[in-house]
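# Chains, contacts and geometry: an overview
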Amino acid sequence: METKNMMIVGVGGQGTLLASKLLGRLLLTKGFDVKVSEVHGMSQRGGSVVTYVRWGEKVFSPIIDKGQADCILSFELLEAARYTEFLKPGGRIIVNSQQINPMPVIAGAAAYPENLVEKMSALDAEVDAFDALTLAEEAGSSKAVNLVLMGRLSRHFDFTKEEWMDAIEHSVPPKFLEMNKKAFESGRND
Amino acid sequence: MKTLMLGNEAVARGLYEAGCSFVSSYPGTPSTEITECVAKYEEVYAEWAPNEKVALESAFGASLRGVRSFCAMKHVGLNVAADPLFTISYTGVNAGLIIGVADDAGMHSSQNEQDSRHYARAAKIPMLEPSDSAEALAFAKLAYELSEQFDTAVLMKMCTRVSHSQSVVETGERTLPEPKKYEKNPAKYIMMPAYAKKKHPMVEERTRALTAWAETAEINRIEDGSDQSVGIITSSTCYQYVKEAYGDTYPVLKLGMIWPLPEQKIRDFAKTVAKLVVVEELDGFIENHCRNLGLSVSGKDMFTEIGELAQNMVKEKLGGAVQAGEPLSEEIPARPPVMCAGCPHRSLFYVLKKLNLTVLGDIGCYTLGAVAPLNAIDTTICMGASVSGLHGFVKSGDEESAGKTVAVIGDSTFIHSGVTGLINIAYNESDSTVIILDNSITGMTGHQQNPTTGYNLKGDPCTKIDLESLCHAVGIKRVKVVDPYDMETCQAVIKEELAAKEPSVIISRRPCALLKYVKHPGPICSDPEKCKGCKACMNIGCPAISMVDGKAVIDETLCVGCGVCGQLCKFGALSTE
């Protein structure tokens, strides 16, 4: 099989690393070769964060280059727009419609672009934009946005719900397990 | 067992399996997780040292005593450890010693992108360079064998993409080698001229022996290709880009040992291909070696020495086509990292800016004080440079400039190499004012303990270095402590200390807002009735405050209630009530 490429993008502190950890684990148990690439350090301070997840029979590069991503899973609207150039023609964008203003916007030096969902939909891309934040809050915490998004993503994989739940159990602390499972379900079924 | 591991975690696993018993490191992105991961193995003693020089010397001490040891650092940390590095090259080791160094091409979190491979050649120490996590684990074990077989420390070179990528590894069991006996051996371990002169030829001989080893080593392997028009020599993450771009098309010489480099093997490989190309990040290190062998070679004429490479670039430069993606035509505003909401550094920088001071900065989260709207920092060079730089600045200027200039340095950075600069200020008597930003943790690299926090790497309580006593002990008479959230007092104290005609230290003390034990009062309330839209609160660059329809609005998911914005509001629109 051809190597599959997924980018997980968002704002530092949103929990993108947990999402890639969970997905990487699941893909490994399904027998794929997997590489997951993260950037730590400076990017954690509310900056733009990118994680690459790649899987297939044999994966070489740990990163995804322009025009290569089958899917972009974005935790925030502007961040999805930032990386469209990495999407393959006809690729999929799953995006939390939540908007988090970056410092240049807060400081009034730039404006948050308008109608980004429409503009992304005009590209050669399948865009699924939805309010993951509200679903996460309904599940019990705004911090569960990552699990809501994983639930949404799970629609596009052949894995069973039990396999996803097993991966979640191995990736989140027991204290928050039920809430995270609920968040996952709401993203998957909404 | 097959598992996904970060490259750094895989190094830690390799150290563990090889029976490493002593680890001493200083944190630095992208190397930090090696030491954090190895500390989780109970059988391994692991610690944070105050700096990389201390870490390497301590690891050398453990090797001398007879146990396998390790130290880790980022590329710039190796500059700090360079002094022992060059002479440990002469002494060699007793038990195996590995020095982990992680480069940061692309400067994801660094102040330069120096190429650490030059150190291996300059210090005449072998360097291994894994290209994924499986190799990181295997090479750590191999490095100990080489270290003991050739009587040398071994450099293990990582880079951001290998350190911070997870890939599949197969773990094994730990094997603890028999501890070696320490025996007094002046000719081996005392590097005074008479002995060192005898040692130097042995170092050269060792490099020749290692070069011979490199000729047949399995980790320097040739992978056949179907098209001999091009042959590629590569290593590290660049190997992955080459394979990603061209698969088995071109023959590849994949180097696992980057110093010393084989000679015959490279010549033989070159003979089998029409055009020889080296694909490597940063400097043309392997390329220059090929040139020295008299080979015709391409490298930096095709691939930049600036930043990181990637598969598309490799593909295109070698004539292949890549699929283009489609950017939005829209201008997308940047999202730079910012100081967190509630960060204790923010208010202190606001005061420095308000006083219009020249601020010599240092390495840590607080470097973010350099960006708008605070724009409060004038320089960033390296760990400790703020304090020593301030001394030179003050000594070379007049009284007025001394009264308008300060250094800012974090608690961990101060211990790392700021204290020696402070000793210079005291000893040579400059009217310098040093501000220690004590947030009670090493913040930038992700919350590591340090000698001022009272906890060690394993999380156990330990001796806490008292900063006030330390400053007094080196000869600073004026030492003040302020709470950075209290801007009025901060301003008064800074003015007072700048006016003093003697050295002084101000400790701006409040723990990092992200520390779990720090309790926050909860979000500030903004009162749209009282808000006049003057934007005074916007001058601190807090990510939790924005202007909506001319009024200040607080993002309650971010705001921790530090109350700094309330001190700026003349109309009482921002309060805890």
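Given the structure is predicted, the values throughout are model-derived calculations rather than measurements.

So, how was this worked out
Residues numbered from 1 in each chain as written. Chains lettered and ligands numbered in written order. Predicted model: local features only at pLDDT ≥ 70, side-chain atom pairs only at ≥ 80, totals over all residues. Heavy atoms only, no water. Helix = DSSP H or I, 4+ residues; strand = E, 2+ residues; numbered from the N terminus. Contact = heavy atoms within 4.5 Å. Axes fitted to C-alpha atoms, helices over the stretch in contact; angles between N-to-C directions. Parallel < 35°, antiparallel > 145°, perpendicular 65-115°, else oblique. Left-handed = near helix turned anticlockwise from the far one by under 90°. Nonpolar A, V, L, I, M, F, W, Y, C, P; charged D, E, K, R; others polar. Pairing = 2+ DSSP bridges. Core = buried A, V, L, I, M, F, W, Y, C linked by side-chain atoms within 4.5 Å. Buried < 20%, exposed > 50% of the residue type's maximum accessible area, 1.4 Å probe, protein only. Salt bridge = Lys/Arg side-chain N within 4 Å of Asp/Glu carboxyl O. Buried area = accessible area lost by both parts, 1.4 Å probe. Polar contact = N/O pair within 3.5 Å; in protein donor to acceptor, adjacent residues only side chain to side chain. Patch = residues over 30% accessible without salt bridge, like charges linked within 9 Å, V, L, I, M, F, W, Y side chains within 5 Å. Areas by Shrake-Rupley, 256 points an atom, 1.4 Å probe, with all protein chains shown as cover. Lys, Arg positive; Asp, Glu negative; His and termini not counted. Charge placed at Lys NZ, Arg CZ, Asp CG, Glu CD. Phe/Tyr/Trp six-rings, centres within 6.5 Å; stacked < 30°, edge-to-face > 60°. Lys NZ or Arg CZ within 6 Å of the ring centre and 35° of its normal.

With respect to the helices, strands and loops of the structure, S440 of chain B is situated in the loop between β16 (433-438) and α19 (467-473). Beyond its immediate sequence surroundings of up to four residues, S440 of chain B is in contact with D411, T453, P511, L515 and Y517 of chain B.

Further remarks concern the packing of helix α5 (residues 132-139) of chain A against helix α8 (residues 177-189) of chain A. All names here are of chain A. Where α5 meets α8, the axes come as close as 9 Å, and the angle between the chain directions of the two elements is 140°. Relative to α8, the element α5 is oriented oblique. Between α5 and α8 the crossing geometry is right-handed. Of α8, the residues touching α5 (which contributes L135, E138 and A139) are M179, K182, A183, S186 and G187. Considering only residue class, the contact of α5 with α8 consists of four nonpolar, two polar and two charged.

Glancing now at the sheet that holds strand β1 (residues 4-11) of chain A. Strand order in the open sheet formed by eight strands is β6(A)-β5(A)-β4(A)-β1(A)-β3(A)-β2(A)-β8(B)-β1(B), and the pairing between neighbours is mixed. Every interior strand has two partners, whereas the edge strands, β6 (125-130) of chain A together with β1 (2-6) of chain B, have only one. Strand after strand, the sheet turns through a mean of 20° between neighbouring axes, direction not considered. As paired strands, strand β2 (residues 33-37) of chain A and strand β8 (residues 165-170) of chain B are joined by three bridges and run antiparallel to one another. Paired with S37 of chain A across the two strands is S165 of chain B, which belongs to β8 of chain B. Across the face of the sheet, helix α1 (residues 7-17) of chain B comes into contact with β1 and β8 of chain B while running at roughly 115° to β1 of chain B.

Judged by nonpolar contacts, the single largest core of 69 residues is most densely connected at F349, L352, V434 and I494 of chain B. Broken down by element, this core gets its largest block of residues, six residues, from helix α18 (residues 411-427) of chain B. When neighbours within four sequence positions are excluded, I494 of chain B is seen to be in contact with L348, V351, L352, L355, L357, I435 and I506 of chain B. Ranked by size, the runner-up nonpolar core spans 44 residues in total, among them L116 of chain A together with V230, A310 and I332 of chain B.

All names here are of chain B. Along the chain, E148 turns up in helix α7 (residues 133-149). Exposure remark for E148: the relative accessible area of 24% places this residue in the partly exposed category. Taking the C-alpha atoms as reference points, E148 and L97, separated by 51 residues in sequence, lie 8.2 Å from one another. With residues near it in sequence (within four places) discarded, E148 still touches R68, N94, A95, G96 and K180.

Attention shifts here to the packing of α1 of chain B against α7 of chain B. Residue and element names in this part refer to chain B. Contact geometry of α1 with α7 gives a least axis separation of 7 Å together with a crossing angle of 35°. In this structure, α1 meets α7 at a crossing whose hand is right-handed. Note on element contacts: α7 touches α1 through S133, A136, L137, A140, K141 and Y144, opposite G7, A10, V11, R13, G14, L15 and E17. Looking at the contact of α1 with α7, its residues break down into seven nonpolar, three polar and three charged.

With that settled, the discussion passes to the pairing of strand β5 (residues 97-103) of chain B. Residues and elements named next belong to chain B. Among the seven residues of β5, seven are classified as buried, and the element is accordingly described as predominantly covered. As paired strands, β5 and strand β7 (residues 154-159) are joined by six bridges and run parallel to one another. Across the sheet, the residue bridging to G100 is M156, located in β7.

This part takes up the pattern of salt bridges. Side-chain pairs of opposite charge can arise where the charged atoms are in close proximity. All names here are of chain B. In this structure the tally under the stated criterion is 37 salt bridges over all chains. Its salt-bridge partner being R221, residue E135 comes within 3.7 Å of it at the nearest N-O pair. In this pair, E135 is assigned in helix α7 and R221 in strand β9 (residues 220-223), connecting sequence segments 86 residues apart. A salt bridge links E496 to R478, with the nearest nitrogen and oxygen atoms 4.0 Å apart. In this pair, E496 sits in helix α20 (residues 487-499) while R478 sits in strand β17 (residues 478-482), placing the two residues 18 residues apart along the sequence. The exposure class assigned to E496 is partly exposed, which follows from its relative accessible area of 43%. The class for R478 is partly exposed, based on a relative accessible area of 23%.

Before going further, it helps to examine the interface of chain B and chain A. Tallying the contact residues gives 53 residues for chain B and 55 residues for chain A. With both sides pooled, the region where chain B packs onto chain A buries about 4,500 Å², and carbon together with sulfur makes up 59% of that total. Counting across the chain B and chain A interface gives four salt bridges. For the pair chain B and chain A, the interface holds 21 residue pairs in polar contact (both at pLDDT 80 or more). At the level of elements, β1, β8, α11 (236-246), α14 (311-317) and β20 (545-548) of chain B are the ones that each hand at least two residues to the side of chain B that touches chain A. It is α11 of chain B that provides the largest number of residues to the side of chain B that touches chain A, a total of six residues. Tallied by class, the residues present in the side of chain B that touches chain A amount to 25 nonpolar, 18 polar and ten charged.

In an α-helix, one full turn covers 3.6 residues, which means residues spaced three or four apart are oriented alike. Residues and elements named next belong to chain B. Among all positions in helix α13 (residues 285-292), only F285, I286, E287, H289 and C290 are buried. Looking at the buried residues of α13, the elements they touch are α6 (117-123), β10 (230-235), β11 (252-255), β12 (257-259), α12 (264-271) and β13 (275-279). Two residues or fewer after α13 comes G294, characterised by a positive phi angle close to 80°.

We now examine the sheet that holds β10 of chain B. Residues and elements named next belong to chain B. Pairing is mixed in the open sheet, where four strands are placed in the order β9-β11-β10-β13. Strands with a single pairing partner mark the edges of an open sheet, and in this sheet they are β9 and β13. The average angle at which neighbouring strand axes cross in this sheet is 20°, direction not considered. Here four bridges tie β9 to β11, and the two strands are oriented antiparallel to one another.

In this section: a positive patch on the surface. Residues and elements named next belong to chain B. Side chains of K354, K404, K495 and K570 sit close together on the surface and give a patch of like positive charge. For K495, the location among the structural elements is in helix α20. A residue is classified by how much of its surface remains accessible, and K495, at 49% relative accessible area, is partly exposed.

Right, let's talk about the packing of aromatic side chains for a bit. Considering all chains together, one arrives at twelve aromatic pairs over all chains under this definition. Three or more aromatic residues joined by ring pairs make a cluster, and in this case those are W55, F157, F159, W164 and F184 of chain A. One cation-aromatic arrangement involves R152 of chain A over F130 of chain A; the distance from NZ or CZ to the ring centre is 3.8 Å. The aromatic ring of Y239 of chain B is capped on one face by K254 of chain B, whose charged end is 5.6 Å from the ring centroid.

So, to be careful, I would describe these as geometric facts and stop short of saying anything about function.
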